[in-house]
Amino acid sequence: MSIFTKIITGEIPSYKVAENDDFVAFLDINPNAKGHTLVVPKKEENKIFDLSKEAYASLMDFSYDVAKAIEIAVPCKRVGMSVIGLEVPHVHVHLIPINIMADMQFVQKVSLTHEEFVGLAAKIASKLG
Ligand code: 5GP
């Protein structure tokens, strides 16, 4: 069972941003930038291109709405999107509010307090249609 499945089942906590029957979005615990969010299918699958085309399209559709909310909630030049999965073998889309190229490089990290995580998650959630 992946760490993200444990988040989905509520076994471990997360700062949740959005959820429907098939997907959940929560803040990355070690973010590249404030508002760095992960969008995860509830059905555990390792690699994104092992998803059906339909599941992939639904994941992108859900990610679109979350990205739009991030763009409104978090000051940034744009929202970058990336899929890696080398650390956690459970499909997830990184949505990252970026200002400079380094924000997409997974080397510079920002630390946030619990209160900042709570505030960011609530602010992004409040901008969802
Ligand atoms: P990747 O698998 O795409 O290389 O990276 C996995 C991402 O998941 C990393 O950005 C890491 O900070 C994040 N991550 C790993 N464990 C947890 C966790 O327990 N909670 C949350 N919210 N994010 C996590």
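All of these numbers come straight from a predicted model, not from anything done at the bench. Each chain has its residues counted from 1, running along the sequence as written. The predicted origin of the model limits local features to residues at a pLDDT of at least 70 and limits the giving and counting of side-chain atom pairs to 80 or more, whereas totals for whole chains, interfaces and linings rest on all residues. Remark: hydrogens and water are excluded; side-chain values derive from all non-hydrogen atoms of the structure.

With respect to the overall build of the protein chain
A count of helices and strands for the protein chain gives three helices and five strands. For the radius of gyration, the atoms used are the C-alpha atoms, and the globule rule reads 2.2 Å times the number of residues raised to 0.38. In summary, the protein chain has a C-alpha radius of gyration of 14 Å against a globular reference of 14 Å for 129 residues, a match within 12%. For the C-alpha atoms alone, the extent of the protein chain along its principal axes is close to 35 × 30 × 30 Å. Only protein chains enter the accessibility calculation, which uses a 1.4 Å probe. A residue is then buried if its area is under 20% of the maximum for its type, exposed if over 50%, and partly exposed in between. The buried share of the protein chain, taken over its 129 residues, is 42%. The contact criterion used is simple: two residues touch if any of their non-hydrogen atoms lie within 4.5 Å. Long-range contacts, defined here as pairs at least 24 residues apart, represent 58% of the contacts in the protein chain between residues at least 6 apart. As presented, the protein chain carries roughly 7400 Å² of accessible surface, and 55% of it is formed by carbon and sulfur atoms. Separation between the mean location of the 13 positive side-chain charges and that of the 16 negative ones in the protein chain comes to 6 Å. The helix count covers DSSP runs of H or I at least four residues long, the strand count covers runs of E at least two residues long, and both are numbered beginning at the N terminus. Computed with a 1.4 Å probe, the accessible areas rest on the Shrake-Rupley method; for each residue, only the protein chains presented here act as cover. Counting rule for charge: Lys and Arg are taken as positive, Asp and Glu as negative, and neither His nor the chain ends is counted. Think of each charge as sitting on NZ of Lys, CZ of Arg, CG of Asp or CD of Glu.

What about the sheet that holds strand β3 (residues 37-41)?
Here we have five strands laid out as an open sheet, ordered β1-β2-β3-β5-β4, and antiparallel in their pairing. Taken across any chain shown, the strands that pair with only one partner, and hence form the sheet edges, are β1 (16-19) and β4 (78-82). Adjacent strand axes in the sheet meet at a mean angle of 20 degrees, parallel and antiparallel pairs treated alike. The sheet contact formed by β1 and strand β2 (residues 23-27) spans three bridges and is antiparallel. For glutamate 19, the partnering residue across the bridge sits in β2 and is valine 24. When DSSP finds two or more bridges between a pair of strands, those strands are recorded as paired. All axes are obtained by fitting lines to C-alpha atoms, using only the stretch in contact for helices, and the reported angles, taken between N-to-C directions, cover 0 to 180 degrees.

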